[in-house]
Amino acid sequence: MSADAGGNDDNKTRGGYKNQTLRPVTIKQLVEVSPPPANGPIFIDGCEIKNITFVGVVRSVLQQSINVIYSVEDGTGKIDVRVWAGGNDQGSDMGDDGQGGSNQMVDPNITVGKYVCVYGELRFFNGKRNVSSHKVRLITDHNEIAYRGMEAIYVHLNATRGPPPALRQRAGAPAVSGMGGSSLYSSGGAMGGYGAMVSNDQGMSAIHASVLDVIKTSPPHPNGLEIAVIKQRLAGRYQSNQVSEAVEWLISEGHLYNTIDETHVLSTSMND
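In the nomenclature of an unreviewed UniProt entry, the protein is known as Replication factor A protein 2 of Coemansia linderi.

Below, the structure written as structure tokens:
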């Protein structure tokens, strides 16, 4: 696969900026993905994927000039995670290895032996695979490790065997059988709205929903939306600090991620 396939053109080809659905996975699934043809989509369980999330323990940290490479293991496999930080004013431009990424603050508390939750995209370059990270978050509650692992298993089983009978009857959707035309996590997908189920179960409040609504109803842009603009749109309903806290919560829960810097965000489910 060419170097260009790991940059901006690759992002646009694989579903465009609307294909931002977040898929929980295990590292084993990422390691077993077959490299796609140039500019081609990536599939897991017969479903096209773009943004992925997983948890694991940091086994090594390599600091480079414009990025940090974490080697992360989750018990099923190990993969490199690149965090682009500093030295690259255009976070989505090509890095020193021909791959693009989003600038973000590197958490100094993320060290060897610490558990993290990773949000990013699977990339291929010169025959090697890694995850270009939107965000790497330190895990402080180890219950999350078990929860995220079970979430990945749940989604995998739904993709390969279909949802449980009770859920299938309630959603009015047939069982999944391999590749389908709709996303597994979209409102019309085979799971009958997995994204909506997660949102309801994760304690989303009115202000969280309002922030997402502002982002999703704004004109799409690869750099996302400025947090200052979100505050302006919600000024009559919420205080500035309330919006900031809501944005941080949505990022930590995987509903949003930073793009070119810490002041721009994009939703991980822009395909609704």
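Structure shown, so let's carry the discussion forward.
**Side note on the environment of V55**
When you line up the elements, V55 lands in strand β4 (residues 51-63). Through-space distance from the C-alpha of V55 to that of A152 is 9.9 Å; in sequence the pair is 97 residues apart. Discounting chain neighbours no more than four positions away, the residues touching V55 are D74, V116, C117, I139, I145 and R148.

**Observations regarding the environment of R123**
Tracing the backbone shows R123 in strand β7 (residues 115-125). Judged by its relative accessible area of 3%, R123 is buried. Between the alpha carbons of R123 and K50 there is a distance of 9.7 Å; along the sequence they are 73 residues apart.

**Some words on helix α3 (residues 143-161)**
Over its 19 residues, α3 runs 27 Å from end to end, which matches the ideal 27 Å to within 8%, given 1.5 Å per residue. Taken as a whole, α3 has its buried residues at E144, R148, E151, A152, V155, N158 and A159. Each buried residue of α3 lies within a common arc of 130° when the element is viewed along its axis, so the set occupies one face. Turned more than 90 degrees off the buried face of α3, the exposed positions are N143, M150 and R161.

**Quick notes on the nonpolar core**
Grouped burial of nonpolar side chains is what soluble globular proteins tend to show. Of all hydrophobic cores here, the largest spans 24 residues; its most connected members are L30, F54, Y70, I79, V81, V116 and V131. When contributions to this core are tallied by element, the ones reaching two or more residues are α2 (27-32), β2 (42-44), β4, β5 (67-73), β6 (78-84), β7 and β8 (128-138). Take this core: its biggest share by element is 4 residues, from β7. Ignoring any residue separated from it by four or fewer positions in sequence, one finds V81 in contact with F54, V68, I69, Y70, V72, V118, V131, S133 and V136.

**Some thoughts on the sheet that holds strand β11 (residues 264-267)**
Spatially, β9-β11-β10 is the arrangement adopted by the 3 strands of the open sheet, whose pairing is antiparallel. If you trace the sheet from one side to the other, it starts and ends with β9 (225-226) and β10 (256-258), each paired once. Taken together, the 2 bridges between β9 and β11 define a ladder with antiparallel strand orientation. Within the sheet, the bridge partner assigned to E226 lies in β11 and is H264. Of the strands in this sheet, β9, β10 and β11 are in contact with helix α6 (residues 206-216), which crosses β11 at around 90°. Where helix α8 (residues 240-252) meets the sheet, its contacts fall on β10 and β11, and the angle it forms with β10 comes to roughly 100°.

Parameters and conventions
Along each chain, residue indices are assigned from 1 in the same order as the chain's sequence is written. Only residues with pLDDT of at least 70 get local features here, since the model is predicted, and only at 80 or more are side-chain atom pairs given and counted; chain-wide, interface and lining totals rely on the full set of residues. Computation of side-chain values: all heavy atoms of the structure, hydrogens and water removed. For the purposes of this entry, the term helix denotes a DSSP run of H or I that reaches at least four residues, the term strand denotes a run of E that reaches at least two, and both are numbered from the N terminus. Residue contacts follow a heavy-atom distance rule, with two residues in contact if any of their heavy atoms lie within 4.5 Å. The buried label applies to any residue whose accessible area, calculated with a 1.4 Å probe on protein chains only, is under 20% of its type's maximum; exposed applies above 50%, and partly exposed to all values in between. The span one expects for a helix is its residue count, reduced by one, times 1.5 Å. Here the arc refers to the directions that run from the helix axis out to each C-beta atom. Side-chain atoms within 4.5 Å link the members of a nonpolar core, which is a set of buried Ala, Val, Leu, Ile, Met, Phe, Trp, Tyr and Cys residues. One bridge is not enough; two strands pair if DSSP finds at least two bridges between them. Convention adopted: a line fitted to C-alpha atoms gives each axis, helices being fitted over their contacting stretch, and angles between N-to-C directions are expressed from 0 to 180 degrees.

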